[in-house]
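# Observations on the three-dimensional arrangement
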Amino acid sequence: MGFVSSLLGTFGFGIGVSAGVVIGYYLFIYFHSTDVKDPKIRSLVELDSLTLERMLPEIPLWVKNPDFDRVDWLNKFIENMWPYLDKAICNTAKEIAKPIIAENTTKYKIDSVEFQTLTLGSLPPTFQGMKVYITDEKELIMEPVLKWAGNPNITVVVKAFGLKASAQVIDLQVFAIPRITLKPLVPSFPCFAKIFVSLMEKPHVDFGLRLLGADLMSIPGIYSIVQDIIKNQVASMYLWPKTLEIPIMDLSSAMKKPVGILHVKVVRAFKLKKKDLLGKSDPYVKLKLTEEKLPSKKTKVKHSNLNPEWNEDFRLVVKDPNSQALELIVYDWEKVGKHDKIGMQVIPLKELTPDEQKTLTLELVKNMDLSETDEKSRGQIVLELLYSPFKEDTLPNEAVDDGGVDKAPEGTPAGGGLLVVSIHEAEDLEGKHHTNPYARIIFKGEEKKTKHIKKTRDPRWEEEFQFVCEEPPVNDKLQVEVHSRPSSIGIHSKETLGYVVISLADVITNKRINEKYNLIDSKNGRIQVELQWRPS
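Residues numbered from 1 in each chain as written. Predicted model: local features only at pLDDT ≥ 70, side-chain atom pairs only at ≥ 80, totals over all residues. Heavy atoms only, no water.

Another point: the nonpolar core. Among the nonpolar cores identified, the biggest contains 28 residues, and Leu 419, Val 421, Ile 423, Leu 478, Ile 527, Val 529 and Leu 531 are the most heavily contacted of them. Contact partners of Ile 423, with chain neighbours within four places excluded, come to Ala 439, Ile 441, Thr 450, Trp 461, Glu 462, Glu 463, Phe 465, Val 480, Ile 527, Gln 528 and Val 529. (Core = buried A, V, L, I, M, F, W, Y, C linked by side-chain atoms within 4.5 Å. Buried < 20%, exposed > 50% of the residue type's maximum accessible area, 1.4 Å probe, protein only. Contact = heavy atoms within 4.5 Å.)

Now for a nonpolar patch on the surface. Side chains of Phe 77, Met 81 and Tyr 84 sit close together on the surface and give an oily, nonpolar patch of about 340 Å² of accessible area. In this structure, Phe 77 sits in helix H4 (residues 72-107). (Patch = residues over 30% accessible without salt bridge, like charges linked within 9 Å, V, L, I, M, F, W, Y side chains within 5 Å. Areas by Shrake-Rupley, 256 points an atom, 1.4 Å probe, with all protein chains shown as cover. Salt bridge = Lys/Arg side-chain N within 4 Å of Asp/Glu carboxyl O. Helix = DSSP H or I, 4+ residues; strand = E, 2+ residues; numbered from the N terminus.)

The subject of this paragraph is the sheet that holds strand E25 (residues 512-518). Pairing in this open sheet of four strands is antiparallel, and the strands run E22-E19-E26-E25 from one edge to the other. At either end of the open sheet lies a strand with only one pairing partner, and these are strand E22 (460-469) and E25. On average, adjacent strands in this sheet sit at an angle of 20 degrees to one another, irrespective of strand direction. Relative to strand E26 (residues 526-535), strand E19 (residues 417-427) runs antiparallel, the two being bridged by ten bridges. (Pairing = 2+ DSSP bridges. Axes fitted to C-alpha atoms, helices over the stretch in contact; angles between N-to-C directions.)

As for its placement among the helices and strands, Ser 112 is situated in strand E1 (residues 112-119). Not counting the four nearest positions on each side in its chain, Ser 112 is found in contact with Val 157, Val 158 and Lys 159.

What follows concerns helix H5 (residues 222-238). Counted at 1.5 Å a residue, the expected span for H5 with its 17 residues is 24 Å, and the 24 Å between its end C-alpha atoms agrees. Buried within H5 are the following residues: Val 226, Gln 227 and Ala 235. The arc that holds the buried residues of H5, viewed along the axis, is 150 degrees, so those residues lie on one side. Elements in contact with the buried residues of H5: strand E8 (204-211). (Expected span 1.5 Å × (residues − 1). Arc of directions from axis to C-beta.)

All right, on to unusual backbone geometry then. The linkage connecting Lys 183 with the following residue, Pro 184, adopts the cis geometry, with an omega of -15 degrees. Looking at where Pro 184 falls in the secondary structure, it is placed in strand E6 (residues 178-185). If you check the backbone angles, Ser 304 has positive phi at about 50 degrees while not being a glycine. On the secondary structure map, Ser 304 appears in the loop between strand E13 (297-298) and strand E14 (309-318). Owing to a relative accessible area of 47%, Ser 304 belongs among the partly exposed residues under this scheme. Positive phi is not limited to glycine here, since Asp 355 has a value of about 60 degrees. Accessibility expressed as a relative area gives 56% for Asp 355, which makes it exposed.

Read these as geometric descriptors, not functional statements.
Below you can see the structure in the form of structure tokens.
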């Protein structure tokens, strides 16, 4: 009877519980109100910041801070590239770790340290926003907001003293705001020489660490200790203004510092091709070194002369005698319209013997395309050339003055120097009829021009000009004018958009000045000019 009573009791308990649940459910449905109440709607501006953060804890920084730009395109790019970036980053990490592991295994008498698995997982990092700083220096500063909740699998196996142990990193979370500076900007790919990285605040790093199958981060007290150690160690090394410097390319080769001076004397030409209707030409010569952005130098115009004599001397700064060449073009000057090209010639500098003057008589050709034959003679030109390389102990690469300004190349008059004028950009230019701006630099009667840029009020030239001085121009001034050139079919003439006169006394004292100047005779126009004085 005891067994039967126990069985019936258990059965009755099960029936009672089931019946109670069913009856309670139906009573809940029966007495529950069927009226649908309208939700309370409140505007976000009525909520305080803490309530908003609780409602939307993952608000991107570009929403909260207008200084940060939205970079969804970058996140999409990283998402598509992540499988390949993962492999590339892991392979690079292995190559970097190899010498470090080899050094420490010998030092601590460890048999081997190997990566059993190394992958950053399938979840890429995301950028919540990007802040970009604009400065007057040759640099680019970015501050991306990085968030990464990844699923990496990094397993390291260590063998020592006949034992084997493995450590695995999983569930990595990183939140950081690095400052990335690319400088200096140079005219060679990838267009910057170094990367400087620093952190604007202590990073948040969270991860799981499995050692011998157990997660060490789950041990009470260990998690907070590891967090503090990581934050303090990283902050001590990379928290701004401390930086991590990553060299990308050799700065000296990127900037291609001067290595010598090419002395050119344009002596004369004869039997030039007739270009005018009256059987004459008005020739002049333009000459420059290839691979240089500096404007060409020009001789005087010899009117109505097919056998002109110039006897004019020029000095050109050489940066790479193995690849550069002297390019000469003889033009027929025209009072109206485009000047006609009579002929040209190119002399590779590697064909010149250093410190040995050479007189050349060259046949002018139509162009340097050897496949195109030119049966008609275009005349000849006579040149005297002398390439003077710098001495090893006076190379500008090694002779750096205070402030990082190079010394003038050898051949500069004693007591003088080289005035380098860089025209970077202008902004808010105003033209009544057109705005096709170019800059005109006037120094001691010598005039140089930048290229003109079509239809813009904010041109960016980034052109450099050099003036050789017999003595420091302490009492001299440099005038920079901005003009607008009309289009070829325009009915309006050239316009002046403003000018600035710069005293050079401060440049001689400080060796370098980089400023934005308000243009005279312009309402809002400004121009950025960088000046360097390189003494001999």
